[in-house]
Amino acid sequence: MNSASRTLGASDLAGAHEEGAGLAGLDTPPRQGPPWWRVHSRSLTVAVLVLLVLSPFLWLVQLSFKPAADIFDDSLLFVPTLEGFASLLQGNFLKSFGNSLLVSTLSTGFSLLIGIPAAYALTRWKFKGRDRIALWILVTRMAPPIAFTIPFFLAYQYLGLQDTVIGLAIVYLTFNLAIVIWLMQTFFEAVPASLEEAAWIDGCGVWQAFWQVALPLTAPGLAATAVMCFIFSWNDFFYALILTRTHAITAPVSIVNFLQYEGWEWTKIAASGTLVMLPVIAFTVLVRKYLVRGLTAGGIKD
C-alpha cells in the first residue's frame, strides 16, 4: 500500500512538472530573429554601390530623352522624346560611329592575331633574352601618347595613311599588342605544359597542340583580353583627334564637334554618348561568361 502510494505520488509529481513546463513554455515569448536590415545588409550595400556606380550613366541616358527646352530642369518627370537621336541622323555622327566600330574591331583582331602567338612563344620557348623582350614590350606602354604623336603624324603624312581607317587601326595596334602579350602570357603560364606534351605524343605538332589544346583552355583570358583591347580602341580620343580630319573621324572626336562656340548642343551630346556606350556594353554582355572567369584567373595559385 505504501509502495503504491509512493508510485502514485511520483507519477503525480512528474505530471505536474510537465504541466508546469508546458505552461512556462506558453508564457515565454517566441524567440525573434535578427532584424530584416541585418539579414539583407549585404544586398542593400551592393544595391547602393551599384546605384552609385551607374548613376552617371543613368543620368546621361535620361538626359538623352529630355526635350532641349527642359535640359537644365532638375525634375525627373518629363515627357520623353527622341529628338536628340533624330538630330544625329542629320549630321556625320553615324559615319563616325561606323568608323569607330570598324577601327576598334580591326585593331582588336590584329592585336589578337599577332599577340597570342607571341605570348605563347614567350611562355613556352626558352631562349636567351626572353625576359628582356617581355620587358621591352611592357615599356612601350609606359611612354605617354604625346611622345609618339609627331613621329606618327609625319610618317603617316609621308605614307598617305593620315585620315584613314587602316592607319588609325595600326596606331591602336601598337598599344593593344603589349596588352595582349602580357595578359595572354599569364594565361598560357596557367596551362600545364604536360597537356601539350601529351598531344605531341598523340601525333600533334607544335602549332596543332597550340590551336587544339592550349588556346581553347585560355578562352576566358582571351575574352577578357579582347574586351580590354576593344575598350581601349573605342575610347581613344587623342590619336583620333590628331591623325584624322574628315574621312576617318571617330565617335569620340565627333562628339566634341557638338561643343560649338555659339553653345553646347546638350541633347546631341547626351544622345551620342548613350550610343557610344552601347557597343561596349553589348560586347561585354556577349562574353560575360568568359570575362568573369578570365579576370579572376590567376587570383589563387596552387
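Residues numbered from 1 in each chain as written. Predicted model: local features only at pLDDT ≥ 70, side-chain atom pairs only at ≥ 80, totals over all residues. Heavy atoms only, no water.

A.B. asks: Explain the packing of aromatic side chains here, please?
C.D. replies: How two aromatic rings sit relative to each other is given by the distance of their centres and the angle of their planes. Scanning the entire structure with this criterion turns up 15 aromatic pairs. Centre to centre, the rings of F97 and W234 are 5.5 Å apart; their planes meet at 85°, and the pair counts as edge-to-face. In this pair, F97 sits in helix 5 (residues 93–124) while W234 sits in helix 11 (residues 219–235), placing the two residues 137 residues apart along the sequence. By relative accessible area, W234 is classed as buried at 1%. Ring geometry for Y120 against F210: centres 4.6 Å apart, planes inclined by 50°, an arrangement best described as tilted. With Y120 in helix 5 and F210 in helix 10 (residues 206–217), this residue pair connects regions lying 90 residues apart in the sequence. By the burial criterion, Y120 is buried, and F210 matches it. Among the aromatic residues, those joined into a cluster by ring pairs are Y120, W125, F188, W207, F210 and W211. (Phe/Tyr/Trp six-rings, centres within 6.5 Å; stacked < 30°, edge-to-face > 60°. Helix = DSSP H or I, 4+ residues; strand = E, 2+ residues; numbered from the N terminus. Buried < 20%, exposed > 50% of the residue type's maximum accessible area, 1.4 Å probe, protein only.)

A.B. asks: Which parts of the structure should I look at to understand the nonpolar core?
C.D. replies: Nonpolar side chains tend to gather and get buried jointly when the protein is soluble and globular. Core analysis: the biggest nonpolar cluster contains 17 residues, and I116, V180, M184, F188 and F210 have the highest contact counts within it. Listed by contribution, the elements that provide at least two residues to this core are helix 5, helix 8 (165–189), helix 10 and helix 11. Considering every element that reaches this core, the biggest residue donor is helix 8, with six residues. F210 has contacts with I116, Y120, F188, L215 and P216, leaving out every residue within four places of it along the chain. (Core = buried A, V, L, I, M, F, W, Y, C linked by side-chain atoms within 4.5 Å. Contact = heavy atoms within 4.5 Å.)

A.B. asks: Would you explain a nonpolar patch on the surface in this entry?
C.D. replies: A surface patch of nonpolar side chains, amounting to about 1,200 Å² of accessible area, comprises W125, F127, I133, L135, W136, V139, M142, W200, V206, W207 and W211. Of all the secondary structure elements, the ones that give two or more residues to the nonpolar patch are helix 6 (130–139) and helix 10. In terms of residues, the nonpolar patch owes the most to one element, helix 6, which gives four residues. Residue I133 is classed as partly exposed on the basis of its relative accessible area of 31%. (Patch = residues over 30% accessible without salt bridge, like charges linked within 9 Å, V, L, I, M, F, W, Y side chains within 5 Å. Areas by Shrake-Rupley, 256 points an atom, 1.4 Å probe, with all protein chains shown as cover. Salt bridge = Lys/Arg side-chain N within 4 Å of Asp/Glu carboxyl O.)

A.B. asks: What is the right way to read unusual backbone geometry from this model?
C.D. replies: When glycine is set aside, most residues are seen to have a negative phi, and most peptide bonds are trans. Unlike most non-glycine residues, D163 shows phi in positive territory, near 60°. Along the chain, D163 falls in the loop between helix 7 (146–159) and helix 8. Residue class for D163 comes out buried when judged on its relative accessible area of 12%.

A.B. asks: What's the story with the pattern of salt bridges in this structure? I'm lost.
C.D. replies: According to the stated counting rule, one finds two salt bridges in the structure shown. A salt bridge links R124 to E196; the shortest N-O distance between them is 2.7 Å. In this pair, R124 sits in helix 5 while E196 sits in helix 9 (residues 193–201), placing the two residues 72 residues apart along the sequence. Residue classification places E196 among the buried positions, given a relative accessible area of 1%. The partner of E265 in a salt bridge is K268, with the nearest N and O atoms 3.2 Å apart. A relative accessible area of 24% means that E265 is categorised as partly exposed.

A.B. asks: I keep staring at the confidence of the model for the protein chain and nothing clicks. Help me out?
C.D. replies: A low pLDDT means the predicted coordinates there should not be read in detail. Overall, the predicted model of the protein chain reaches an average pLDDT of 79, with 81% of residues at or above 70. Low pLDDT, under 50, characterises residues 1–27; the stretch is placed with zero contacts to residues that sit more than four places away or in other chains. Low pLDDT, under 50, characterises residues 298–302; the stretch is placed with zero contacts to residues that sit more than four places away or in other chains. (pLDDT = per-residue confidence, 0-100.)

A.B. asks: Just to check I follow, could you spell out the packing of helix 5 against helix 14 (residues 266–286) for this structure?
C.D. replies: Geometry of a packed helix pair, given as the angle between the helix axes and the separation of the axes. At a closest axis distance of 11 Å, the pairing of helix 5 and helix 14 adopts a crossing angle of 25°. Taken together, the axis directions place helix 5 and helix 14 in an arrangement best described as roughly parallel. The handedness of the crossing between helix 5 and helix 14 is right-handed. Only S272, L275, V276 and P279 of helix 14 make contact with helix 5, whose side of the interface consists of F93, F97 and L101. Tallied by class, the residues present in the contact of helix 5 with helix 14 amount to six nonpolar, one polar and no charged. (Axes fitted to C-alpha atoms, helices over the stretch in contact; angles between N-to-C directions. Parallel < 35°, antiparallel > 145°, perpendicular 65-115°, else oblique. Left-handed = near helix turned anticlockwise from the far one by under 90°. Nonpolar A, V, L, I, M, F, W, Y, C, P; charged D, E, K, R; others polar.)

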